[in-house]
Amino acid sequence: MNARQNADVEILKLARLVGVESEDLRYFEQVDAQDIRDLRDQVTVVMFDADRQMLQRVANATRLIPIKLAAVIGEQAFGPLLCARVTGLLEPSRAVDIARHLPTEFLASLAVQLDPRRASRVIAEMPADQIAAIARVLARREEHIAMGRLVSHLSKASLAAALDVVDDEALLKTAYVMESKSSIGALVALLSAERLEQIIRTASSAGLWPEALEVLRYVSDDQRGWLGDLAAGLEDEVLDSMVRAAQADDLWASVLPVTRAMSHESRERFAGLASVQTRPVLATIVDAAAQEALWAELLVLLPVLPPAARRRVAALATAFGRSVFEGILDAAHEHDLWSPLILFAVELEKPAQKRIAESLGGLEDDAVDGLLAEVYNERLEVELLGIIAQLALAGQKRVAKRLADRADEDILAVLVQAAEDNSFAPLQKAAKST
Amino acid sequence: MNENAERILKSELGGKAPHGMDGLTEADMAGFAGILHDAKRRQSQALEEAVDEALEIVPRLLRGAIRRILFG
């Protein structure tokens with residue numbers, strides 16, 4: 001969700017709390033979403049504190065009357081808003097008992113007004129079938145924000161029951177505005193592969209990719225990979241619609257981590273899509289990687305792109321400065337991706353290779369060790385020397401010495417052999433001096 | 001933020017000034033303070049009416065005890 005959408009959701013929540021329309025609070029559009037949320041927290045406290053004494057007395061008086069009568073009074077005299085205020089002040093088991101005698105439509109209205117943090121135990125102790133019935137009404141009323149505030153307070157059984165009755169569109173819209181994003185993983189864990197595939201298809205057919213991709217930002221890496229694999233198993237049409245949405249709504253920063261987490265086969269399937277391989281799409285992907293430092297995501301994608309698409313990325317990367325390449329080298333080191341980096345580097349034009357070679361000279365010891373180990377394992381010594389050869393002689397000598405100093409006997413042997421085969425004197429000299 | 005508008009809103013918020021509201025005009029700030037004031041007033045009024053109505057519904061036998069809890 002972008003900053004503007006975040007602010008819109010917060011404005012709606014604040015408006016509901018003070019009993020006005022969002023339009024009446026449009027001036028908050030220029031305020032940061034987190035600041036609006038903090039203000040809402042303050043207002044919540046103030047609204048409760050304003051009548052705290054009387055609300056507490058009402059809660060106390062409820063103990064004296066039979067449950068059924070409490071429900072009648074709640075519905076007929078107090079209404080959903082005041083009942084919502086009192087809920088958190090009641091003994092949770094009594095609140096649950098009273099709720100048993102209230103109509104679902106009324107409870108749904110109450111849920112919209114409830115501050116879930118003040119009634120967390122009540123929500124958690126509600127029977128799953130009643131929660132499901134309330135969820136069905138809230139979904140029908142398109143109360144996604146209210147649902148999103150409640151999710152993290154539901155018991156596992158209630159959440160599962162609610163998921164069964166809420167359709168895919170409502171589910172995606174609710175997850176999008178969920179207050180506690182950390183609960184999204186638990187929610188996804190309760191859904192079957194079939195249901196998730198259905199939800200992905202709905203994201204495609206109903207134009208809800210921004211919502212679906214927002215969800216993917218908050219799941220675990222394993223779940224992200226699994227969901228990516230499920231998506232990759234669907235028809236081209238579904239994946240193409242995601243590419244179009246990512247392009248139109250600037251969502252590549254959400255898509256790229258998914259492509260990294262998915263299996264190699266799924267990644268190949270994704271990279272093989274004609275819609276991904278166009279120059280505008282690749283340019284936007286590279287931009288997103290640069291803006292969000294998603295270099296590891298780009299590096300794992302590169303080897304599975306068809307050669308023509310990879311050359312397009314290489315052409316785009318030619319404009320990168322040395323600091324950008326240093327960021328890419330850091331990602332290669334951190335995520336053990338030296339091999340795709342080197343193979344990509346050899347496809348770059350010579351000035352870009354030179355900037356990479358310069359950056360190689362500034363690597364920390366452990367990064368050099370990682371690079372050398374991967375060069376040895378993948379037999380990339382010729383490619384590595386080819387990159388270093390783009391430097392002026394002094395630079396070649398400096399980088400060659402750096403590598404020779406860190407290389408163990410076996411690695412040094414293959415480097416020297418490659419240097420001999422390719423007449424790369426600086427490394428032969430550096431090896432002799434170690 | 002205008003100091004007067006900030007003071008009014010701070011008062012409605014129970015004495016604590018909100019953060020990050022620098023972009024709001026004095027009119028916006030005062031407008032929101034008014035909305036908050038009205039919301040609290042409406043809630044108190046609704047609660048008062050609800051309590052009266054509830055006492056009508058409660059059986060006569062319990063009414064005295066409930067009234068004592070509610071009004072001391």
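Criteria and thresholds
Residues numbered from 1 in each chain as written. Chains lettered and ligands numbered in written order. Predicted model: local features only at pLDDT ≥ 70, side-chain atom pairs only at ≥ 80, totals over all residues. Helix = DSSP H or I, 4+ residues; strand = E, 2+ residues; numbered from the N terminus. Rg over C-alpha atoms; globule rule 2.2 N^0.38 Å. Buried ≥ 20, exposed ≤ 12 C-beta atoms within 10 Å, placed from the backbone. Contact = placed C-beta atoms within 7 Å. Nonpolar A, V, L, I, M, F, W, Y, C, P; charged D, E, K, R; others polar. Axes fitted to C-alpha atoms, helices over the stretch in contact; angles between N-to-C directions. Core = buried A, V, L, I, M, F, W, Y, C linked by C-beta atoms within 7 Å. Expected span 1.5 Å × (residues − 1). Parallel < 35°, antiparallel > 145°, perpendicular 65-115°, else oblique. pLDDT = per-residue confidence, 0-100. Arc of directions from axis to C-beta.

1. Quick notes on the overall build of chain A
Helix and strand counts for chain A come out as 29 helices and 0 strands. For chain A, the C-alpha radius of gyration of 29 Å lies well beyond 22 Å, the compact-globule estimate for 434 residues. Sorting the 434 residues of chain A into buried and exposed places 44% on the buried side. Taking all contacts inside chain A whose residues are at least 6 apart in sequence as the whole, residues at least 24 apart take part in 82%.

2. Focus: the overall build of chain B
Of regular secondary structure, chain B possesses 3 helices and 0 strands. The C-alpha atoms of chain B give 19 Å as radius of gyration, which overshoots the globular expectation for 72 residues (11 Å, by more than 25%). Viewed in the frame of its principal axes, chain B has a C-alpha envelope of about 55 × 20 × 15 Å. Looking at the 72 residues of chain B, the share that counts as buried comes to 24%.

3. Regarding the interface of chain B and chain A
Contact with chain B, which involves 30 residues of that partner, is made by 32 residues of chain A. Listing elements by their share of the side of chain B that touches chain A, those giving two or more residues are helix H2 (26–57) and helix H3 (60–71) of chain B. For the side of chain B that touches chain A, the leading source of residues is H2 of chain B, giving 15 residues. Of the residues contributing to the side of chain B that touches chain A, the split by class is 19 nonpolar, 6 polar and 5 charged.

4. As for the packing of helix H4 (residues 67–87) of chain A against helix H6 (residues 104–113) of chain A
All names here are of chain A. Put simply, H4 and H6 touch, their axes get as near as 6 Å, and they point 35 degrees apart. Residues Glu75, Pro80, Leu81, Cys83 and Ala84 of H4 pack against Phe106, Ser109, Leu110 and Gln113 of H6. Classifying every residue of the contact of H4 with H6 gives 6 nonpolar, 2 polar and 1 charged.

5. Here we look at unusual backbone geometry
Residues and elements named next belong to chain A. A positive phi angle is found at Asp250, which is not glycine, with a value near 60 degrees. Considering the arrangement of structural elements, one finds Asp250 in the loop between helix H16 (236–248) and helix H17 (252–261). Phi at Asp336 takes a positive value of approximately 60 degrees, unusual for a residue other than glycine. Within the secondary structure, Asp336 sits in the loop between helix H22 (322–334) and helix H23 (338–345). When the 11 C-beta atoms within 10 Å are taken as the criterion, Asp336 is described as exposed.

6. What about the nonpolar core?
In terms of nonpolar packing, the biggest core is built from 139 residues, with Ala111, Ala135, Ala212, Leu341, Ile388 and Leu427 of chain A touching the most fellow members. Residues in contact with Leu427 of chain A, not counting those within four places in the same chain, are Leu385, Ala400, Ala404, Leu415, Val416 and Ala419 of chain A. Ala7 and Leu39 of chain A together with Ala5 and Leu9 of chain B belong to the second-largest nonpolar core, a separate cluster that totals 20 residues.

7. Here's the deal with the environment of Asp330 of chain A
Assignment of secondary structure puts Asp330 of chain A in helix H22. Classification of Asp330 of chain A by C-beta neighbours within 10 Å gives partly exposed; the count is 17.

8. Description of H2 of chain B
A rise of 1.5 Å per residue sets the reference length of H2 of chain B, with its 32 residues, at 46 Å; its end C-alpha atoms lie 46 Å apart and thus fit the reference within 8%. For H2 of chain B, the full list of buried residues reads Asp28, Met29, Phe32, Leu36, Gln43, Leu47, Ala50, Val51 and Ala54 of chain B.

9. Quick notes on the environment of Gln223 of chain A
Residues and elements named next belong to chain A. Here Gln223 lies in helix H15 (residues 221–232). With 38 residues separating them along the chain, Gln223 and Ala261 place their C-alpha atoms 8.6 Å apart. Sequence-distant contacts of Gln223, defined by excluding residues within four places in its chain, comprise Gly185 and Val188.

10. Considerations on the packing of H17 of chain A against helix H19 (residues 279–292) of chain A
When two helices pack together, their arrangement is given by the angle between the helix axes and by the axis-to-axis distance. All names here are of chain A. For the pair H17 and H19, the least separation of the axes is 9 Å and the interaxial angle reads 90 degrees. With respect to their mutual orientation, H17 and H19 come out roughly perpendicular. Across the interface between the two elements, Trp252, Ala253 and Leu256 of H17 pack against Thr284, Ile285, Ala288, Ala289 and Glu292 of H19. Partitioning the contact of H17 with H19 into residue classes produces 6 nonpolar, 1 polar and 1 charged.

11. Details of the confidence of the model for chain B
Residues and elements named next belong to chain B. In this model, chain B carries a mean pLDDT of 90, and residues with pLDDT of at least 70 account for 96%. Mean pLDDT values over the elements of chain B span from 87, in helix H1 (residues 3–12), up to 94, in H2. Prediction confidence for the complex, expressed as pTM and ipTM, is 0.86 and 0.92 respectively.

12. Points about helix H13 (residues 193–205) of chain A
Residue and element names in this part refer to chain A. Its 13 residues give H13 an end-to-end C-alpha distance of 18 Å, which sits within 8% of 18 Å, the value for a rise of 1.5 Å per residue. Taken residue by residue, H13 has Ile199, Ile200, Ala203 and Ser204 as its buried positions. Down the axis of H13, the buried set is contained in an arc of 145 degrees. They therefore lie on one face. Contact partners of the buried residues in H13: helix H11 (168–177), helix H14 (209–217), H15 and H16.

13. Concerning the environment of Asp369 of chain A
Residue and element names in this part refer to chain A. Along the chain, Asp369 falls in helix H25 (residues 365–378). According to the C-beta neighbour criterion, Asp369 is partly exposed, with 16 such atoms within 10 Å. Between the alpha carbons of Asp369 and Leu403 there is a distance of 8.5 Å; along the sequence they are 34 residues apart.

14. Observations regarding the confidence of the model for chain A
For chain A, the average pLDDT comes to 93, and 100% of its residues sit at 70 or higher. When mean pLDDT is compared element by element in chain A, helix H8 (residues 128–140) of chain A scores highest at 98, while helix H29 (residues 425–433) of chain A scores lowest at 80.

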